Amino acid sequence: LASSSSSSASAAATPPGLSGNASWSTMSRSYNVVIFGKPNASEVALLMRRLNNTSFHVLAVGRNITELKGSLKGSSDINDTLKQADIAVVCGGTSPTDLNTCLAVMQKLRWLHSCSAGVEHLMSIPNLAQTAGNPLRPILTNARGVYRFSLAEYVLYACKYFALDQVRLDSQKAKGEWTSFETCELRGRTIGVVGFGDIGKATATLARAFGMNVLAHRRDTGEGEAGNLNGVADTNGVAARVYGGKKGLLRMLRQCEFVCLVTPLTEETVNMFSTEEFLALDRRTANEKGQRAFVPGVEPMQHHLVTPSSRETTAVSPHVPASPPPAPDDDALDGADGASGLAPVFINIGRGKCCDTSALVEALQVGILRGAALDVTAPEPLPSNHALWKFKNVLISPHNADKTTYFQKESVLKFVELTKVYSKAMRGGGASDDDRLRRFYESAGGNVVDKMSGY
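As the structure is a computational prediction, the values presented were derived from the model and not from experiment.

Draft legend 1. View of the pairing of strand β9 (residues 258-261). Judged by which residues are buried, β9 turns out to be covered on both faces: F258 and C260 on one side and V259 and L261 on the other are all buried. Taken together, the 4 bridges between strand β6 (residues 190-194) and β9 define a ladder with parallel strand orientation. Bridge pairing in β9 links I191 to F258.

In structure tokens:
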């Protein structure tokens, strides 16, 4: 790498207060920070302001080597600068290749923070992936907690979208047609939350506020095969039951009218929601299975007609009813349709690749699903000629359900909050460097990413 850049490039790429500010070279500091982000972005400027006059000294800012060099004073060598970094924060815009190149040089790096919640883009970087076996070098944290409210709101919006039959409302409005029809409440309906982490729990909490019955699923309940299959009590009291494992997932799905996929993308979760999972949601009668038409122009898959006998082979337990349980106090709802009268709705706010798109299209084609709400897709961006665009009963948003007015500010402030935790952990006297890092690892709580599992 070159050790210097032109003065014009440096001026163009340098955020206010970095180069040319004597305080950066004279202030006492304890920890050296590199910011991977667009130099003139508002979130980077906010981060610079919050770190100014603290013990966290910003060495360089940029999305790539050129911008990082441009943010240095004079002819400082970028390699020497990166070698001094204790901490790196990824605000966005840096390619995996550029980040991998930098990480190869950052031999002192102790802490790497992602301003997003998902970290699959980081764990695919070779120079980080090879550290998976060492949780302390570097410690990886994310912005967990920042996106939970906006995504939970999206899920409940999607539920109400289909409960009110918004597709029909829009159609009638376009035709100027005033025709009254029955809708349903969310109260008493069952939603299954697949991925019971921070966002999943926020979704469950909001669903409970709407009077919904909440079931949840996680990778493992910790109670063995029986606990995974039969479900366990939620210690937080948000979900009625928490299931685990493959069989537990299928059992939960057979009870759901709404399903929300919130899982992170890892090797284990790629296409975790596929044919078998959609079949577990199937409420169709044998007659409906034989008569359902396909969407014109969409190529059907071989498994599009599911016979009752083949359906039975996917059943997890003969004790699980094919229809979800009725709403609580159903008689008091005075004529409301029973829970078993609704085809389920599938909602994905996790990662597009966690769902088998071809199986999703098939489930929509044959009527297994009442509809789908997708903030994420595979592929992404979704091509304009993709089959999913053809369905009127599919709500698609371009991965922006969490891109609220304040999400970048909140994400940056999450990192600033963690710097205080880091500083406190590092101040412990008489401890080794690993002991201090371990204190931070344990103190940062839910924002620490398990590099082995990817979340």
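Still more ground to cover, so stick around.
Draft legend 2. Up close: unusual backbone geometry. A cis amide bond, omega -10°, links R137 with the succeeding residue P138. In this model, E380 is joined to P381 through a cis peptide bond whose omega is 0°. Relative to the assigned elements, P381 resides in the loop between β11 (371-374) and β12 (394-396). Positioned with a positive phi, N53 is a non-glycine residue whose angle comes to about 60°. Turning to its location among the elements, N53 is positioned in the loop between α3 (42-51) and β2 (56-61). For N53, a relative accessible area of 63% translates into the label exposed. One non-glycine residue, N271, lies in positive phi territory at about 55°. Looking at the element boundaries, N271 is found in the loop between β9 and α14 (275-279). Residue classification places N271 among the partly exposed positions, given a relative accessible area of 38%.

Draft legend 3. The side chain of E257, seen in detail. Positionally, E257 belongs in the loop between α13 (245-253) and β9. At 3.1 Å, the side chain of E257 and the side chain of R189 are in polar contact.

Draft legend 4. Looking closely at the packing of aromatic side chains. This model, assessed by the stated rule, comprises 14 aromatic pairs. When the centroid spacing of 5.1 Å and the interplanar angle of 20° are considered together, the rings of W111 and Y422 count as stacked. With W111 in strand β4 (residues 111-114) and Y422 in helix α18 (residues 407-426), this pair connects stretches of sequence that are 311 residues apart. Look at W111 and you get buried, because its relative accessible area is 0%. A relative accessible area of 0% means that Y422 is categorised as buried. When the ring of F273 is compared with that of F346, the centres are 4.9 Å apart and the planes differ by 40°; the resulting orientation is tilted.

Draft legend 5. Seen up close, the pattern of salt bridges. This structure, assessed with the given rule, holds 15 salt bridges. The shortest N-O distance in the salt bridge between E185 and R187 comes to 2.8 Å. Residue classification places E185 among the partly exposed residues on the basis of a relative accessible area of 38%. Residues joined in a network through salt bridges with shared partners are R110, R137, D433, D434 and R436.

Draft legend 6. Expanded view of the environment of Y147. For Y147, the position within the fold is in the loop between β5 (139-141) and α9 (148-163). Linking Y147 and D198, residues 51 residues apart in sequence, is a C-alpha distance of 9.0 Å. At a separation of 2.7 Å, a polar atom in the side chain of Y147 contacts the main-chain carbonyl oxygen of C115.

What counts and how
- Residues numbered from 1 in each chain as written.
- Predicted model: local features only at pLDDT ≥ 70, side-chain atom pairs only at ≥ 80, totals over all residues.
- Heavy atoms only, no water.
- Buried < 20%, exposed > 50% of the residue type's maximum accessible area, 1.4 Å probe, protein only.
- Helix = DSSP H or I, 4+ residues; strand = E, 2+ residues; numbered from the N terminus.
- Pairing = 2+ DSSP bridges.
- Polar contact = N/O pair within 3.5 Å; in protein donor to acceptor, adjacent residues only side chain to side chain.
- Phe/Tyr/Trp six-rings, centres within 6.5 Å; stacked < 30°, edge-to-face > 60°.
- Salt bridge = Lys/Arg side-chain N within 4 Å of Asp/Glu carboxyl O.

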